[in-house]
Amino acid sequence: AEYMGESEQYEIAQLHKDIEKQETAKSAATTACEIAQSHYDQVLKQRTTIQGSNREANQMLTKLKDQFAEYRQQLNEIQAHIGHHKKREIQLSRDRERIEKEIREKIEVVKTAQTKLEEEEATAERIERELGPLIECSEPKKVVTARFDQIKARLASGKERHGKKNYLILESEFTNAQKHYLDYKKQVDVIKSNCEHLERMGKERAEKWLQFRESQTTTTKHSFHKMLAKRGFNGDMEVDHTAEKLSLRVAVTAEAEGNEANATKGLSGGERSFTTLSFLMGLWDAMHCPFRVLDEFDVFMDPVVRDVAMTILLKFCEKSGKQFILVTPLDLSRIQQSESLTIHRVVSST
């Protein structure tokens, strides 16, 4: 019974260490999630400030991918911690069963020894009464004395072997050990619940990010195709998130709707400028930045394409409700100012 008490204290000490480690892991996971949320908010804010070019959009997507990979690595580390604690839980459960079995066996041994001791004490008392001076005995005195000494020796040996502990003391020790076991089992259940919550939270964040990424990609594709159609072009945008690759394909013939779109390398300078402008307007539909700026977006467009592009861009600006700053070195005399449109002309001093 004394050995079981030391073993129980050792297991409780180990449990406290495991709980402290788990609390540390929990704090680290919570901090990682908060950092992930903060980074995610910063990415959203930075996405709203994307200006100008397809290259800047690709850089932002690459950065977002890197951060997502980092969060995924953190999630894998949390899952590894969860697996470790699950194994620890199984080991603790086996130790609990072994300890309970040993306690039950020792209690049975103590009960048996207590019963034998009580029987020996009762026998000794009975013999002492029976061997009184008035009792006649046919056996020699030496035989009776030897038997009595033998019984007294057995009684003393039993008391020395079992000490002063009786069944009630051992039962009290068992009750205390069982109480401690239930306490640390409850703590293990709490840790297990926290690990399961972290695992669910990580999966939910990953699923929401994938849904958000797919939604933004679909919105950009639809807007890009719609803007090209206003010029009579037919185009498509392919995004490979795994390979981190963006491809634009455009057909510019009069029968564009029936033609297969090709890569933008075969387009003229004006057509490529219009395609880039359409892609930017597609990105703007998926963004929520209050300010958008374009510089010299129309320098490679011929007059016809430029008129169409300016008409589409101004309608888009007016409809979006955002503030746009468009810088161009070309003539704007055909564009009329209005309450929502102001033209500032910079005149050279030379």
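All of these numbers come straight from a predicted model, not from anything done at the bench.

**Q** Where do I start with the overall build of the protein chain in this structure?
**A** When helices and strands are tallied, the protein chain shows six helices and five strands. Listing each helix as α and each strand as β along the protein chain from the N terminus yields α-α-α-α-β-β-β-α-β-α-β. Nonlocal contacts in the protein chain, meaning residues at least 24 apart in sequence, comprise 67% of its contacts between residues at least 6 apart. About 23400 Å² of surface is accessible on the protein chain, with carbon and sulfur atoms providing 52% of the total.

**Q** Help me understand the nonpolar core in this model?
**A** Nonpolar side chains tend toward joint burial in soluble globular proteins. Ranked by size, the top nonpolar core spans 31 residues in total, and within it Phe 224, Phe 274, Leu 277, Met 281, Trp 284, Leu 294 and Leu 313 carry the most contacts. Excluding residues that lie within four positions of it along the chain, Leu 277 makes contacts with Leu 294, Phe 297, Met 301, Ala 309 and Leu 313. One finds Leu 15, Leu 92, Tyr 184 and Cys 195 within the second-largest nonpolar core, a separate group that totals 12 residues.

**Q** How should the pairing of strand β4 (residues 291-295) be read in this particular structure?
**A** The two faces of the sheet receive side chains in turn, since in a regular strand these alternate between them. Going residue by residue along β4, you find Arg 292 and Leu 294 tucked away on one face and Phe 291, Val 293 and Asp 295 left uncovered on the opposite face. Across five bridges, the pairing between β4 and strand β5 (residues 323-327) is parallel. Considered in β5, the bridge of Arg 292 is made with Phe 324. Each parallel crossover has a hand, and the one from β4 via helix α6 (residues 303-320) to β5 is right-handed.

**Q** Could you clarify how one ought to interpret unusual backbone geometry in this entry?
**A** Positive phi, normally seen in glycine, also occurs at Glu 244, with a value near 55°. Its place among the elements puts Glu 244 in the loop between β1 (234-240) and β2 (245-251). According to the relative accessible area criterion, Glu 244 is partly exposed, its value standing at 47%. Its identity is not glycine, yet Glu 296 carries a phi of approximately 50°, on the positive side.

**Q** For this particular structure, what's the right way to read the environment of Lys 245?
**A** Topologically, Lys 245 is positioned in strand β2. On the accessibility criterion, Lys 245 (53% relative accessible area) is exposed. Sequence-wise, Lys 245 and Thr 62 are 183 residues apart; in three dimensions their C-alpha atoms are separated by 9.6 Å. With sequence-adjacent residues up to four places away left out, Lys 245 is seen in contact with Glu 238, Val 239 and Asp 240.

**Q** Would you mind showing me how to read the pairing of β1 here?
**A** Pairing between β1 and β2: seven bridges, direction antiparallel. In the strand pairing of β2, Gly 235 is matched with Val 250. Counting the residues that bridge the hairpin from β1 to β2 gives four residues, and of these Glu 244 lies at a positive phi of roughly 55°.

**Q** I would appreciate a short explanation of α6 in the present structure.
**A** The α-helix winds at 3.6 residues per turn, so residues separated by three or four positions along the chain end up facing the same way. With 18 residues, α6 should cover 26 Å at 1.5 Å per step; its first-to-last C-alpha distance of 25 Å lies within 8% of that length. Here α6 has its buried residues at Val 305, Arg 306, Ala 309, Met 310, Ile 312, Leu 313, Phe 316 and Cys 317. N-capping of α6 is provided by Asp 302, with a side-chain oxygen placed 3.1 Å from the backbone N of Val 304. Once α6 finishes, Gly 321 follows within two positions and takes phi at roughly 75°, a positive value.

**Q** What is the right way to read the pattern of salt bridges from this model?
**A** Two side chains carrying opposite charge are able to pair once their charged atoms lie near each other. Per the stated rule, a full pass over the model turns up seven salt bridges. The salt bridge involving Asp 95 is made with Arg 98; its shortest N-O contact spans 4.0 Å. Residue Asp 95 and its partner Arg 98 are both found in helix α2 (residues 54-130); the two are separated by three residues, about one turn of the helix. Put simply, Glu 97 and Arg 96 hold a salt bridge, and the shortest N to O gap is 3.9 Å. It is possible to trace a salt-bridge network through shared partners that takes in Asp 95, Arg 98 and Glu 102.

Rules used in this analysis
Residues numbered from 1 in each chain as written. Predicted model: local features only at pLDDT ≥ 70, side-chain atom pairs only at ≥ 80, totals over all residues. Heavy atoms only, no water. Helix = DSSP H or I, 4+ residues; strand = E, 2+ residues; numbered from the N terminus. Contact = heavy atoms within 4.5 Å. Areas by Shrake-Rupley, 256 points an atom, 1.4 Å probe, with all protein chains shown as cover. Core = buried A, V, L, I, M, F, W, Y, C linked by side-chain atoms within 4.5 Å. Buried < 20%, exposed > 50% of the residue type's maximum accessible area, 1.4 Å probe, protein only. Pairing = 2+ DSSP bridges. Right-handed = clockwise from strand over helix to strand, strands pointing away. Expected span 1.5 Å × (residues − 1). Polar contact = N/O pair within 3.5 Å; in protein donor to acceptor, adjacent residues only side chain to side chain. Salt bridge = Lys/Arg side-chain N within 4 Å of Asp/Glu carboxyl O.

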